[in-house]
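Close look at the chain arrangement
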Amino acid sequence: MKQNLKTLGFGFIPHQSEHHFLVNIPRNKKDNITISEHLIWDENTARKELSLALGQEDHKLRVILSRLKWDAISPEVQVYFNQRLRENQLKSSQWKMGENYLSRLLGKELVLLCWSIEDADPNLIPVAIKNWLGLKPEERWWLFTMTNAATGHAITGRNKGWRKAIRYALTENPISGYIPQIESIEMPLFNL
């Protein structure tokens, strides 16, 4: 049964797939939130630090988000992700200061939402959330993949091409009065 699986954060199961995302929420409220993608998992902190010292970083910084914008999306994202996790009989989680692990699929979905608001007017964030929730998870994964291939780096890809298109698609195309129904979707536990 899935409930017996040891998960970290939001659905990350290291022994099934090392691919994951990491949301770093700093203690200082003035610092930005960063989200990075990782292809390797090592729970040994000393080895992680050694890899960094040797220049063997496996992470790719995907987005840097202001605390204001993070605070605007994080409660709704947490509720939605926990709903999905419970539907898949996995332990729910909550955002905390420091490192927050996400499964690769939930990480892709979160980064897509963050890309849509990183350069947007904060007043458009509720529209972006509504439109993001209106997409099926598979649509979010596809949009992440296309955007990531062209403009996925947190700094050099910002406000260009697909990233700009995602911003306009989610912030300036409201689904009026639409309240999405959460479908039960089986989250793949293994890499596709």
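Owing to the predicted nature of the structure, the values given are computational and were not obtained by experimental measurement.

About the cut-offs
- Residues numbered from 1 in each chain as written.
- Predicted model: local features only at pLDDT ≥ 70, side-chain atom pairs only at ≥ 80, totals over all residues.
- Heavy atoms only, no water.
- Helix = DSSP H or I, 4+ residues; strand = E, 2+ residues; numbered from the N terminus.
- Buried < 20%, exposed > 50% of the residue type's maximum accessible area, 1.4 Å probe, protein only.
- Contact = heavy atoms within 4.5 Å.
- Patch = residues over 30% accessible without salt bridge, like charges linked within 9 Å, V, L, I, M, F, W, Y side chains within 5 Å.
- Areas by Shrake-Rupley, 256 points an atom, 1.4 Å probe, with all protein chains shown as cover.
- Salt bridge = Lys/Arg side-chain N within 4 Å of Asp/Glu carboxyl O.
- pLDDT = per-residue confidence, 0-100.
- Polar contact = N/O pair within 3.5 Å; in protein donor to acceptor, adjacent residues only side chain to side chain.
- Phe/Tyr/Trp six-rings, centres within 6.5 Å; stacked < 30°, edge-to-face > 60°.
- Lys NZ or Arg CZ within 6 Å of the ring centre and 35° of its normal.
- Pairing = 2+ DSSP bridges.
- Axes fitted to C-alpha atoms, helices over the stretch in contact; angles between N-to-C directions.

1. What about the overall build of the chain?
Regarding its fold elements, the chain presents 6 helices and 4 strands. Going from the N terminus to the C terminus, the chain shows its helices and strands as β-β-α-β-α-β-α-α-α-α. Looking at the 192 residues of the chain, the share that counts as buried comes to 45%. Sequence-distant contacts in the chain: of pairs separated by 6 or more residues, those separated by 24 or more amount to 71%.

2. Some points on a nonpolar patch on the surface
Where nonpolar side chains cluster on the molecular surface, the patch consists of Trp 142, Met 146 and Trp 162 and spans about 300 Å² of accessible area. Looking at the element boundaries, Trp 142 is found in helix α5 (residues 137-151).

3. Notes on the pattern of salt bridges
Applying the stated criterion to the full structure yields 6 salt bridges. For Arg 158, the salt bridge goes to Glu 118, with nearest N and O atoms at 3.8 Å. Here the residue Arg 158 occupies a position in the loop between α5 and α6 (161-171), and Glu 118 occupies one in the loop between α3 (104-117) and α4 (125-134), the gap between them amounting to 40 residues. Assessed through its relative accessible area of 29%, Arg 158 is described here as partly exposed. Judged by relative accessible area, Glu 118 falls into the buried class, the value being 5%.

4. So, the environment of Asn 32
For Asn 32, the position within the fold is in the loop between β1 (20-25) and β2 (33-38). Residues Asn 32 and Trp 70, 38 residues apart in the sequence, show an inter-C-alpha distance of 8.7 Å. Each residue touching Asn 32, except ones within four places of it in the same chain, is listed here: Asn 24, Pro 26, Ile 64, Leu 65, Ser 66 and Arg 67.

5. Thoughts on the confidence of the model for the chain
Mean pLDDT over the chain: 86, with 80% of residues reaching 70 or higher. The spread of mean pLDDT over the elements of the chain runs between helix α1 (residues 45-53), the lowest at 45, and α3, the highest at 98. Low pLDDT (under 50) marks residues 46-56, which in the prediction has 9 contacts with non-local residues, meaning those over four places away or in another chain.

6. Regarding the side chain of Arg 62
The residue Arg 62 is located in strand β3 (residues 60-65) in this model. Among the polar contacts made by the side chain of Arg 62, one reaches the side chain of Asn 148 at a distance of 3.1 Å. If near-sequence neighbours (up to four positions away) are discounted, Arg 62 is found in contact with Phe 21, Ile 35, Ser 36, Glu 37, Val 111, Trp 115, Asn 148, Gly 152, His 153, Ala 154 and Arg 163.

7. Regarding the packing of aromatic side chains
The full count for this structure, using the stated rule, is 12 aromatic pairs. Plain terms: the ring middles of Phe 21 and Phe 144 are 5.9 Å apart, the flat faces sit at 80° to each other, and that makes the pair edge-to-face. Of this pair, Phe 21 sits in strand β1 while Phe 144 sits in helix α5; the two residues are 123 residues apart in sequence, bridging distant segments of the chain. Classification of Phe 21 by relative accessible area gives buried; the value is 0%. On the basis of relative accessibility, which here comes to 2%, the residue Phe 144 falls in the buried class. An aromatic cluster is defined as three or more aromatic residues linked by ring pairs; in this entry it consists of Phe 10, Trp 70, Tyr 80, Phe 81, Trp 95 and Trp 132. In this structure, Arg 140 is placed above the aromatic ring of Trp 132, and the distance from its NZ or CZ to the ring centre is 4.5 Å. Directly above the ring of Tyr 168 sits Arg 167, whose terminal nitrogen or CZ lies 4.8 Å from the centroid.

8. Overview of the sheet that holds β3
Within the open sheet, the 4 strands sit side by side as β3-β2-β1-β4. Their pairing is antiparallel. Edge positions in the sheet fall to β3 and β4 (98-103), since each has one partner strand and no second. Across the sheet, the axes of successive neighbouring strands diverge by a mean angle of 20°, strand direction being ignored. Relative to β2, β1 is paired through 5 bridges, and the arrangement is antiparallel. By the bridge assignment, Phe 21 is partnered in β2 with Glu 37. Here α3 sits on the sheet and contacts β1, β2, β3 and β4; the angle it forms with β4, its principal contact strand, is near 115°.

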